[in-house]
2 protein chains.
Amino acid sequence: MGKRIGRHTVKIDKPLYIVSASSFVGKKEGEGPLKDYFDYVSDDVMFGEKSWEKAESKFFKSAFSSAIEKSGKKPDDMNYMLAGDLLNQCGGSTYGLRDLKIPFLGIYGACSTFGEAVSLGSMLIDGGFAENIVCGAGSHFCSAEKQFRFPLELGTQRPPTSTWTVTGAGAVVLSTSGFGPKVTYVTTGKIVDMGVKDAANMGAAMAGAACDAIAAHFKETGRTTDYYDVVATGDLGTTGKAIIKKYLAEENLMFDGNLTDCGIEIFDSEKQDTHSGGSGCACSAVTFSGYYYKLLMEKKIKNILLIPTGALMNTTVSQQGESIPSIAHAVAIEM
Amino acid sequence: MGKRIGRHTVKIDKPLYIVSASSFVGKKEGEGPLKDYFDYVSDDVMFGEKSWEKAESKFFKSAFSSAIEKSGKKPDDMNYMLAGDLLNQCGGSTYGLRDLKIPFLGIYGACSTFGEAVSLGSMLIDGGFAENIVCGAGSHFCSAEKQFRFPLELGTQRPPTSTWTVTGAGAVVLSTSGFGPKVTYVTTGKIVDMGVKDAANMGAAMAGAACDAIAAHFKETGRTTDYYDVVATGDLGTTGKAIIKKYLAEENLMFDGNLTDCGIEIFDSEKQDTHSGGSGCACSAVTFSGYYYKLLMEKKIKNILLIPTGALMNTTVSQQGESIPSIAHAVAIEM
C-alpha cells in the first residue's frame, strides 16, 4: 500500500489533472464578490423551471455538461460521474444527471460532497479504473430552506450564526492527460459529533470535523501550514472559522492569513445579509470551480488545500433530540 | 487502463476477499425463508430504541461492528467505511456509524447502495488505497413507509405491485488477505428512467436499469448466462422479475433457473403478505451477507452475480409529477 501515507491520507501517484471546471450559480451568488468568476449566473432562482427542485437539477445538468464540453471531451468519454446534493435521496443530482448516460456513483457527504467526489474520482483514476471522470455537487437556497428549516413564505428571522445555502452547481473533469492543476493528496475524514443540536449553527457543528481532517492532513503529509497559498474550508462561515482557529491552535496549527472559508469568500455577508456566510454543497463546489480554479490556472496561486465540510443532519432525527454529526474531506490541488 | 474491460465493467486484479459478513434483521425477516441464515434477529422493530430511525441506526452499528469483529480485525484496521441508506440525508448510516471512528465515504444509490459500496470498496482496495474496508447498507420498513409513502397508523391498503422494505443492515469486510469469496468484476450502472411514476411499483421502475447493468456485464466480460450459479437482482420482486425477463430476452439473455431476486428470496410473499416481495437497501445487503455469503463459504454455490437495484425517487419531485429514475450495480463474487 505505497499510496497510503497515514490513517486518513493517500498520495495520488499518477499525474492527474483537473482539466476543466464549470460553475453555474443563482442571482444572489452573481451579485457577490466572486461574480466575475462564475461561468453562468441565472437571473432568477427558478432557472427557467417550474419548481426550485427542478431548477436545482438544471444547475446540475448545466454545470456537468459545461465541464465536459470545456474539457474537449464527450459524455461518452467519461468513465464515471460522481455527484450528490442536499435534497432528500439526492434528488437534485440524480434527476439532473439522468440524461447524461454515464456510469453513475451517487455519493452523500452533505456539504462535504464536492470534496468526497474529487477524492473518490482521483482514487478511481489513480487506481487505473478510469481515464476521465466528471464530478461535482450542487444545492439550492429555496429547496434547502424548505426541506431543512421553515417554509420561505413564513419569513422566519435568521439568527446571526446561520448561513445562506448557495444556489448553483460546480463540476470538474479529472483526467490522466491534459492541462490543469493536479490532485496530489486526498485526506478522508471521519464522522465527528461535537454535540451541537442547533441547525442554525452548522459552523459550530462542523468545526470539529474540519479540524480533524486538516490536522490529519498536515500531520500525515509532513507539510507545514505555510505550504499552501490557500487553505479553504467549505462552509464554516465566520462563526465556524472563529471556532476552528481555536481548535487548530490546540493542534499547534497556526495560519498566517492563508486560512479562509468558501462560505466567507462567496458572499459579502454585510451587504448581502447572509449572516455567517454561504453554505450548501454548491458553496465549495462553485467557489472552487469558479474562483480558485481560475486563480490556479492563471498562476495567481500555486496550490490550495480544499476542505469541504458537511453537517450530516436529518430533520427527523434532529426532532428526536439528536445532535448533528459532521464530516470533512481535504484535497490538495497544486499547479 | 488494463483494469477496464468495457464501458461499465472493470476487472479486479488483486486477490480481494470478502473475509466476513454480518446481517442483523427485524422480526418479520426472521420469520421468513432465510431465518436460519441471519446473524441476529431482533424480536421487535424498535431493536430496543425509542424511534424507528434510531433502531435503523442501531442495525447499522450492530452489523458493521459484527462484520469487523468476525473478520478478526479492529475498527482501526479498517481504512475506509462505505455506507448509505434510504433515510433523508442517509441518517440511518451516518448516525449509526459515527462512533466507529473510521474514515467515512457516504454513498447513495437507493436500494442499489450495497452494490455500490462493494464496487467502490473493491476498487479502492485493488487500486492500492486500502487493505481493509468495511461496507454495507440498511433500511427499516417503518421509517421508510413513513418517509416515502403514508403514516403506518393510516393502515393504507398496499397494491399487489408493492414491496415490503426490509428491516435490518448487512455489512461485509473486504480485505487483501484472508479467506472468503473473491470480488472479480465490478459493473457500474447508468441512471435509466423508464417513465414509471408509481412509487408502489418500483419493480417496473427498476427493471430497465437492472437489465442495462446485467446486459453490460455479460457483454463486456464475455461470460455466458450459465456461468453463474446465481444471478440475483436486488429488489425487483415478482412484478419486476416478470418485466426484466422480457427485457433480458430482448437482449438474447436467457437464464435457466439461475435468475432470482433477493426480494423474492427473503420473504414468503404469500404467507407473509409482502405482495411483490422485499425491497430497501437492506434487502440485497442482508440477503447477500446472511444467505448467499454462507452458501459461498459452504461451497453450495461457486459464484454469484449480485445486482442490487435502486429506485432514485424523491417524494417532493414525485409530487411535482416526475417519474422514478433507477440504477443498478453488478458485482461478480466467486469462491
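Scroll up to find the structure this text is about.
Okay, so let's go over this structure. These figures come from a predicted structure and were not determined experimentally.

When helices and strands are counted, chain A shows 10 helices and 16 strands. Against the 2.2 N^0.38 benchmark of 20 Å for 335 residues, chain A shows a C-alpha radius of gyration of 18 Å, consistent with a compact globule. Taking the principal axes of the C-alpha coordinates as reference, chain A spans close to 50 × 45 × 35 Å. Sorting the 335 residues of chain A into buried and exposed places 68% on the buried side. Summarising the internal contacts of chain A: among those between residues at least 6 apart in sequence, 78% fall at separations of at least 24. Taken as a whole, chain A presents about 10,700 Å² of accessible surface, with 50% of it coming from carbon and sulfur. Distance between charge centroids for chain A: 3 Å, based on 33 positive and 38 negative side chains.

Listed by partner, the interface residues are 65 residues for chain A and 65 residues for chain B. Looking at the side of chain A facing chain B, the largest losses of area belong to Gln89(A), Tyr95(A) and Phe129(A), adding up to 14% of the total buried there. At the boundary of chain A with chain B, the tally comes to four salt bridges. A salt bridge links Arg98(B) to Glu322(A), with the shortest nitrogen-to-oxygen separation between them at 2.8 Å. Applying the counting criterion to the chain A and chain B interface returns 35 residue pairs in polar contact (both at pLDDT 80 or more). Elements with a minimum of two residues in the side of chain A that touches chain B: strand S1 (9-11), helix H1 (52-70), helix H2 (91-97), strand S5 (104-106), helix H3 (113-126), helix H4 (141-148) and helix H10 (315-319) of chain A. The biggest single contributor to the side of chain A that touches chain B is H3(A), with five residues.

Right, let's get into unusual backbone geometry. Residue and element names in this part refer to chain A. One non-glycine residue, cysteine 90, lies in the positive phi region at around 50 degrees. Within the element layout of this structure, cysteine 90 appears in the loop between strand S4 (80-85) and H2. The residue aspartate 273 is not glycine, and still its phi comes out positive at about 60 degrees.

Residue and element names in this part refer to chain A. Mapped onto the fold, threonine 233 is located in strand S10 (residues 230-233). At 2.5 Å, the side chain of threonine 233 forms a polar contact with the side chain of aspartate 261. In contact with threonine 233, other than residues within four places in its own chain, are Ala210, Ile214, Ile244, Thr260, Asp261, Cys262 and Ile307.

Residue and element names in this part refer to chain A. With eight of its eight residues buried, strand S8 (residues 168-175) lies for the most part within the structure. Burial along S8 is two-sided: Gly168, Gly170, Val172 and Leu174 facing one way and Ala169, Ala171, Val173 and Ser175 facing the other are all buried. In terms of strand pairing, strand S2 (residues 17-25) meets S8 through eight bridges, oriented antiparallel. The residue bridging serine 22 from the neighbouring strand is alanine 171, located in S8. The sheet contact formed by strand S6 (residues 132-139) and S8 spans eight bridges and is antiparallel. Note that in S8 the partner of serine 139 across the bridge is glycine 168.

The next point concerns the environment of Ser57(B). All names here are of chain B. Along the chain, the position of serine 57 falls in helix H1 (residues 52-70). Among the residues examined, serine 57 registers a relative accessible area of 10% and is labelled buried. Between the alpha carbons of serine 57 and tyrosine 95 there is a distance of 6.0 Å; along the sequence they are 38 residues apart. In this structure serine 57 touches Gly91, Gly92, Tyr95 and Gly96, once residues within four positions along its chain are discounted.

Let's shift gears to the relation of the copies chain A and chain B. Turning chain A through 180 degrees and shifting it by 0.0 Å along the axis lays it on chain B, with an RMSD of 0.0 Å. In short, the pair behaves as if placed about a two-fold rotation axis. Most of the interface of chain A is mirrored in chain B: 100% of its interface residues are interface residues there too.

Successive residues of a regular strand alternate their side chains across the two faces of the sheet. Residue and element names in this part refer to chain A. Residues Val230 and Ala232 line one face of S10 and the alternating positions Val231 and Thr233 line the opposite face, and both faces are buried. Of the pairings in the sheet, the one linking S10 to strand S13 (residues 303-307) comprises four bridges and is parallel in character. Residue pairing across strands places valine 230 opposite isoleucine 304, the latter belonging to S13. As defined by bridge partners, S10 adjoins strand S11 (residues 259-261) across three bridges and the pair is classed as parallel. In the strand pairing of S11, valine 231 is matched with leucine 259. Viewed along the sheet, the connection from S10 through helix H6 (residues 237-250) into S11 turns out right-handed.

Let us now look at the nonpolar core. Counting 233 residues, the largest nonpolar core has Phe288(A) and Phe288(B) as the members making the most contacts within it. Phe288(B) has contacts with Ile18(B), Phe114(B), Val172(B), Tyr293(B), Leu296(B), Ile304(B), Leu306(B) and Ile333(B), leaving out every residue within four places of it along the chain.

All right, on to the packing of H1(A) against H4(A) then. Residues and elements named next belong to chain A. Interhelical geometry of H1 versus H4 gives an angle of 130 degrees and a closest axis separation of 8 Å. Between H1 and H4, the interaxial angle falls into the category oblique. In the crossing of H1 with H4, the sense of the turn from one axis to the other is left-handed. On H4, the residues that touch Trp52, Glu53 and Glu56 of H1 are Cys142, Ser143 and Lys146. Here the contact of H1 with H4 is built from residues that sort into two nonpolar, one polar and three charged.

This paragraph deals with the packing of aromatic side chains. Residues and elements named next belong to chain A. All told, the structure shown has 25 aromatic pairs over all chains when counted by the stated rule. With a centroid separation of 5.0 Å and 80 degrees between ring planes, the pair formed by tyrosine 227 and tyrosine 228 is classed as edge-to-face. Given a relative accessible area of 1%, tyrosine 228 falls into the buried group. These aromatic residues form a ring-pair network of at least three members: Phe24, Tyr40, Phe47 and Phe59. Over the ring of tryptophan 164 we find lysine 28, and its NZ or CZ is 4.2 Å from the ring centre. Taking the ring centre of phenylalanine 47 as reference, the NZ or CZ of lysine 58 above it sits at 4.6 Å.

Following the criterion strictly, the structure yields zero disulfides over all chains and no others. Between Cys142(A), a cysteine without a disulfide, and Cys281(A), which holds the nearest cysteine sulfur, the sulfur-to-sulfur distance is 16 Å.

A word on the environment of Gly136(B). Residue and element names in this part refer to chain B. Summarising the element assignment, glycine 136 is placed in strand S6 (residues 132-139). Classification of glycine 136 as buried rests on a relative accessible area of 0%. When the C-alpha positions of glycine 136 and phenylalanine 150 are compared, they lie 27 Å apart, and in sequence the two are 14 residues distant. In this structure, glycine 136 is in contact with Phe64, Leu82, Ala83, Gly84, Thr113, Phe114, Ala117, Gly170 and Ala171, ignoring residues within four places of it in sequence.

What counts, and where the lines are drawn
Residues numbered from 1 in each chain as written. Chains lettered and ligands numbered in written order. Predicted model: local features only at pLDDT ≥ 70, side-chain atom pairs only at ≥ 80, totals over all residues. Heavy atoms only, no water. Helix = DSSP H or I, 4+ residues; strand = E, 2+ residues; numbered from the N terminus. Rg over C-alpha atoms; globule rule 2.2 N^0.38 Å. Buried < 20%, exposed > 50% of the residue type's maximum accessible area, 1.4 Å probe, protein only. Contact = heavy atoms within 4.5 Å. Areas by Shrake-Rupley, 256 points an atom, 1.4 Å probe, with all protein chains shown as cover. Lys, Arg positive; Asp, Glu negative; His and termini not counted. Charge placed at Lys NZ, Arg CZ, Asp CG, Glu CD. Buried area = accessible area lost by both parts, 1.4 Å probe. Salt bridge = Lys/Arg side-chain N within 4 Å of Asp/Glu carboxyl O. Polar contact = N/O pair within 3.5 Å; in protein donor to acceptor, adjacent residues only side chain to side chain. Pairing = 2+ DSSP bridges. Least-squares fit on C-alpha atoms with pLDDT ≥ 70 in both. Right-handed = clockwise from strand over helix to strand, strands pointing away. Core = buried A, V, L, I, M, F, W, Y, C linked by side-chain atoms within 4.5 Å. Axes fitted to C-alpha atoms, helices over the stretch in contact; angles between N-to-C directions. Parallel < 35°, antiparallel > 145°, perpendicular 65-115°, else oblique. Left-handed = near helix turned anticlockwise from the far one by under 90°. Nonpolar A, V, L, I, M, F, W, Y, C, P; charged D, E, K, R; others polar. Phe/Tyr/Trp six-rings, centres within 6.5 Å; stacked < 30°, edge-to-face > 60°. Lys NZ or Arg CZ within 6 Å of the ring centre and 35° of its normal. Disulfide = S-S within 2.5 Å.

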